[in-house]
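Listed below, chain by chain, are the residues.
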Amino acid sequence: MSLLGERQQSLLTALLHHREGLTVEELSSLLAISRNAVNQHLTQLGSSNFIQSTLQESTGGRPGRIYTLTANGLELFQRRYSFLAKLLLSWIDKNMGEDELNTCLIELGKEMASGLEHRLKQHTSRNDKLQEAITIMSELGYDTELRQLSENQAEIVANNCVYQELAQQHNEFCQLDISFLQHLLKADIEHTECIVRGGKHCRFKITGTKES
């Protein structure tokens with residue numbers, strides 16, 4: 001990702017945030033650059049197999065095209081974990097059953113949280129704690145944002161999965177995220193949408209966060 005220019009990185013990130021796809025006009029507006037510049041970037045990124053396009057459903061006029069990330073494009077946002085993920089997957093296939101893996105992932109999530117929970121203790125308000133959790137997830141490689149659902153409920157929305165290859169082969173890996181957030185936030189977590197199960201994002205609904 002760092003080898004790409006700033007505009008191309010911004011374009012790819014825009015497509016990551018809009019998994020349903022964007023048109024040239026929409027990208028031009030979001031990035032504040034001309035349609036010609038957008039088309040040039042799309043051509044270069046398409047030649048590298050980072051993006052793909054499909055015809056937009058006709059609304060009576062000339063059909064346009066919708067641009068989305070390919071699997072290779074998504075991989076740009078999680079490449080730092082790819083080598084470790086492949087090693088871990090190989091070890092899991094040889095040594096663990098589903099129940100053992102699930103237990104291991106719950107404990108791993110708990111240990112990850114215990115090493116970072118001191119950062120949340122520096123904050124007093126619920127919102128500040130949630131924002132710190134977002135910062136931590138960003139440092140771990142996630143592209144995340146916090147959304148307030150109601151006065152008492154919020155959700156963390158992740159636009160990527162840092163171990164997507166593993167999770168596609170072992171769905172139990174989602175338990176790692178859930179356990180991590182449960183112990184980090186001292187809250188109940190409901191995994192309401194999942195990228196590897198066909199969702200556009202991973203959504204983690206947060207309830208019952210305790211103040212400390």
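You'll find the structure just up there.
Residues numbered from 1 in each chain as written. Predicted model: local features only at pLDDT ≥ 70, side-chain atom pairs only at ≥ 80, totals over all residues. Heavy atoms only, no water.

Colleague: Help me out: how do you make sense of helix H8 (residues 126-139) in this one?
Modeller: For an α-helix the count is 3.6 residues per turn, leaving residues at separations of three or four pointing the same way. For H8, with 14 residues, the first-to-last C-alpha span of 20 Å sits near the 20 Å given by 1.5 Å per residue. Those residues of H8 lying buried are Arg126, Lys129, Leu130, Glu132, Ala133, Ile134, Ile136 and Met137. Contacts made by the buried residues of H8 are with helix H7 (117-121), strand E3 (144-148), strand E4 (154-158), helix H10 (174-185) and strand E6 (202-207). In the stretch just after H8, Gly141 is the one whose phi turns positive, near 110 degrees. (Helix = DSSP H or I, 4+ residues; strand = E, 2+ residues; numbered from the N terminus. Expected span 1.5 Å × (residues − 1). Buried < 20%, exposed > 50% of the residue type's maximum accessible area, 1.4 Å probe, protein only. Contact = heavy atoms within 4.5 Å.)

Colleague: Looking at this structure, I do not really get the pattern of salt bridges. What am I missing?
Modeller: Two side chains with opposite charge may pair up if their charged atoms get near one another. Applying the stated criterion across every chain, the model contains seven salt bridges. Glu117 is the partner of Lys186 in a salt bridge, and the nearest nitrogen-oxygen pair spans 2.7 Å. One end of the pair, Lys186, is in the loop between H10 and strand E5 (188-193); the other, Glu117, is in helix H7, with 69 residues separating them in the sequence. Look at Lys186 and you get partly exposed, because its relative accessible area is 41%. The exposure class assigned to Glu117 is partly exposed, which follows from its relative accessible area of 21%. (Salt bridge = Lys/Arg side-chain N within 4 Å of Asp/Glu carboxyl O.)

Colleague: In this structure, what is going on with the packing of helix H1 (residues 6-17) against helix H3 (residues 35-47)? I would like to understand it.
Modeller: How two helices pack is summed up by the angle between their axes together with the distance between the axes. Where H1 contacts H3, the axes come no closer than 10 Å and their chain directions differ by 80 degrees. In terms of orientation, H1 lies roughly perpendicular with respect to H3. Residues Arg7, Gln8, Leu11 and Leu12 of H1 lie in contact with H3, whose contacting residues are Val38, His41, Leu42, Gln44 and Leu45. Across the contact of H1 with H3, the residue classes break down as five nonpolar, three polar and one charged. (Axes fitted to C-alpha atoms, helices over the stretch in contact; angles between N-to-C directions. Parallel < 35°, antiparallel > 145°, perpendicular 65-115°, else oblique. Nonpolar A, V, L, I, M, F, W, Y, C, P; charged D, E, K, R; others polar.)

Colleague: Just to check I follow, could you spell out unusual backbone geometry for this structure?
Modeller: Glycine aside, the phi torsion of most residues is negative, and most peptide linkages are trans. Although it is not a glycine, Asn49 adopts a positive phi angle of roughly 60 degrees. Turning to its location among the elements, Asn49 is positioned in the loop between H3 and strand E1 (51-55). For Asn49, a relative accessible area of 40% corresponds to the partly exposed category. A positive phi is found at Lys186, a non-glycine position, where the angle reads about 55 degrees.

Colleague: Help me understand the pairing of E4, please; the structure alone is not making it clear to me.
Modeller: For a regular strand, side-chain orientation follows a simple rule: the groups alternate between the two sheet faces. Here E4 lies mainly inside the structure; five of its five residues are buried. Burial of the side chains of E4 extends over both faces: Ala154, Ile156 and Ala158 are buried on one face and Glu155 and Val157 on the other. Bridge analysis of E3 against E4 gives five bridges, and the strand direction is antiparallel. Residue pairing in the sheet places Arg147 in a bridge with Glu155 of E4. In textbook terms, the turn of a hairpin is the stretch between consecutive antiparallel strands, and for E3 and E4 this stretch comprises five residues. Pairing between E4 and E6: five bridges, direction antiparallel. Considered in E6, the bridge of Ile156 is made with Phe204. (Pairing = 2+ DSSP bridges.)

Colleague: Please clarify how the nonpolar core should be interpreted in this entry.
Modeller: In this structure, Ile156, Tyr163, Phe173, Phe180, Leu181, Leu184 and Leu185 are the most contacted members of the largest nonpolar core, which totals 36 residues. At the level of elements, helix H6 (98-114), H8, E4, helix H9 (164-169), H10 and E6 are the ones that each hand at least two residues to this core. Ranked by residue count, the leading element in this core is H10, at seven residues. If we ignore the near neighbours within four places in the chain, the residues touching Leu181 are Met137, Ile156, Lys186, Ile189 and Phe204. (Core = buried A, V, L, I, M, F, W, Y, C linked by side-chain atoms within 4.5 Å.)

Colleague: Hey, could you run me through the sheet that holds E3 in this one?
Modeller: The strands making up a sheet associate through hydrogen bonds between their backbones, and the pairing can be parallel or antiparallel. Taken together, four strands build an open sheet; the order of strands is E3-E4-E6-E5 and the sheet is antiparallel. Edge positions in the open sheet fall to E3 and E5, since each of these has one partner strand only. Recorded for the sheet is a direction-independent mean angle of 25 degrees between the axes of neighbouring strands. Taken strand by strand, H8 contacts E3, E4 and E6, and its axis lies near 155 degrees from that of E3. Packed on one face of the sheet, H10 meets E4, E5 and E6 and runs near 145 degrees to E5.

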